[in-house]
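The residues making up each chain are set out below.
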Amino acid sequence: SLILNGSVSTKPPYPVRLNLILRKLDLTEFSTVTGGGDEPLAGILTGNVEFTGPARNASLSGRIFVEKGVLGELEFVSMFATLSGNLPVIKVSDARVVKNGGHIIVRGEVDLSKMKEDKAIENLLFETDNKVAVWENWQISKDEGPNKVEARKDRLVFSTSFEGDR
């Protein structure tokens, strides 16, 4: 569900004071309703984001959590992030994407004015630990334990194990 509380003035510069509460919002449905771009977007979103100031460039602050998500070519178990900034640009900090066997740290900016061009997330930086990598749209991960590496792209999955001399 999506709950929006607060006030919006009908006089310029249209100041807002809004609190957006997200409870298990299906991002696939939300993207369809809002006319999101062609990049895949999925997952279950929970969070709280506050908006204050003139509507056109309101400041925002909040925290979100996504379960079982997809962002473009990146599939993940969960993601959490702290959001701040002034619309239409949202700063992402203290964010981590958890994948099976590793995590990706995310930081940078999302520009909502570039959604229709599929360029909204072009200023996000993804830093990986030594167990997960994304390379030319391939998701590459290494499990804990056995020396197993898995590479995924679209619907293709390649998996291999390495054995060393004992």
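Now for a description of the structure that goes with this document.

Conventions and cut-offs
Residues numbered from 1 in each chain as written. Predicted model: local features only at pLDDT ≥ 70, side-chain atom pairs only at ≥ 80, totals over all residues. Heavy atoms only, no water. 1 Å grid on protein atoms, 1.4 Å probe; cavity = no way out; pocket = protein on both sides within 12 Å on 5 of 7 lines; lining within 4 Å. Points joined across faces, edges and corners; volume = space filled by probe spheres on them. Helix = DSSP H or I, 4+ residues; strand = E, 2+ residues; numbered from the N terminus. Nonpolar A, V, L, I, M, F, W, Y, C, P; charged D, E, K, R; others polar. Buried < 20%, exposed > 50% of the residue type's maximum accessible area, 1.4 Å probe, protein only. Lys, Arg positive; Asp, Glu negative; His and termini not counted. Salt bridge = Lys/Arg side-chain N within 4 Å of Asp/Glu carboxyl O. Contact = heavy atoms within 4.5 Å. Pairing = 2+ DSSP bridges. Axes fitted to C-alpha atoms, helices over the stretch in contact; angles between N-to-C directions. Core = buried A, V, L, I, M, F, W, Y, C linked by side-chain atoms within 4.5 Å.

Concerning the layout of surface pockets
Each pocket or cavity is described by its volume, and for the largest pocket that value is around 1,300 Å³. Along its surface, the largest pocket is lined by 43 residues, and Phe-30, Ile-90, Val-110, Leu-112 and Met-115 are the ones closest to its centre. Taken together, the elements giving at least two residues each to the lining of the largest pocket come down to strand E1 (2-8), strand E2 (15-26), helix H1 (27-34), strand E3 (41-54), strand E4 (59-71), strand E5 (74-86), strand E6 (89-99) and strand E7 (102-111). The class makeup of the residues in the lining of the largest pocket is 33 nonpolar, six polar and four charged.

A word on the side chain of Asp-111
As for its placement among the helices and strands, Asp-111 is situated in strand E7. Although Asp-111 is buried, it makes no salt bridge; Lys-114 carries the closest opposite charge, 4.2 Å away. If we skip the residues at most four places from it in the chain, Asp-111 touches Pro-88, Val-89 and Ala-120.

What about the pattern of salt bridges?
Here the structure, examined in full by the defined rule, presents three salt bridges. One salt bridge connects Lys-24 with Glu-67, and the closest N-O pair in it is separated by 3.4 Å. Highlighted residues: Lys-24 in strand E2 and Glu-67 in strand E4, separated in sequence by 43 residues. The salt bridge involving Asp-94 is made with Arg-63; its shortest N-O contact spans 3.5 Å. Pair noted here: Asp-94 is in strand E6 and Arg-63 is in strand E4, with a separation of 31 residues, a long-range link. Taking relative accessible area as the criterion, Arg-63 reaches 37% and is therefore assigned partly exposed.

Digging into the sheet that holds E4
The strand order across the open sheet formed by eight strands is E1-E2-E3-E4-E5-E6-E7-E8, and the pairing between neighbours is antiparallel. Every other strand in the sheet has two partners, leaving E1 and strand E8 (123-128) as the edge strands with one partner each. For this sheet, the mean angle separating the axes of adjacent strands, direction not counted, is 10°. Pairing of E4 with E5 involves 12 bridges; the strand directions are antiparallel. Looking across to E5, one finds that Val-66 is bridged to Met-79. This element, H1, spans E1, E2, E3 and E4 of the sheet and lies at about 55° to E3.

Thoughts on the environment of Glu-50
Within the secondary structure layout, Glu-50 lies in strand E3. By relative accessible area, Glu-50 is classed as partly exposed at 42%. Along the sequence, Glu-50 and Arg-63 sit 13 residues apart, while their C-alpha atoms lie 9.5 Å from each other. Here Glu-50 is in contact with Leu-18, Asn-19, Ser-59, Leu-60 and Ser-61, once residues within four sequence places are set aside.

Considerations on the nonpolar core
In terms of nonpolar packing, the biggest core is built from 28 residues, with Phe-51, Ile-64, Leu-83 and Val-92 touching the most fellow members. Among the secondary structure elements, those contributing two or more residues to this core are E2, E3, E4, E5, E6 and E7. When neighbours within four sequence positions are excluded, Ile-64 is seen to be in contact with Leu-22, Leu-45, Thr-46, Gly-47, Val-49, Met-79, Phe-80, Ala-81 and Leu-83.

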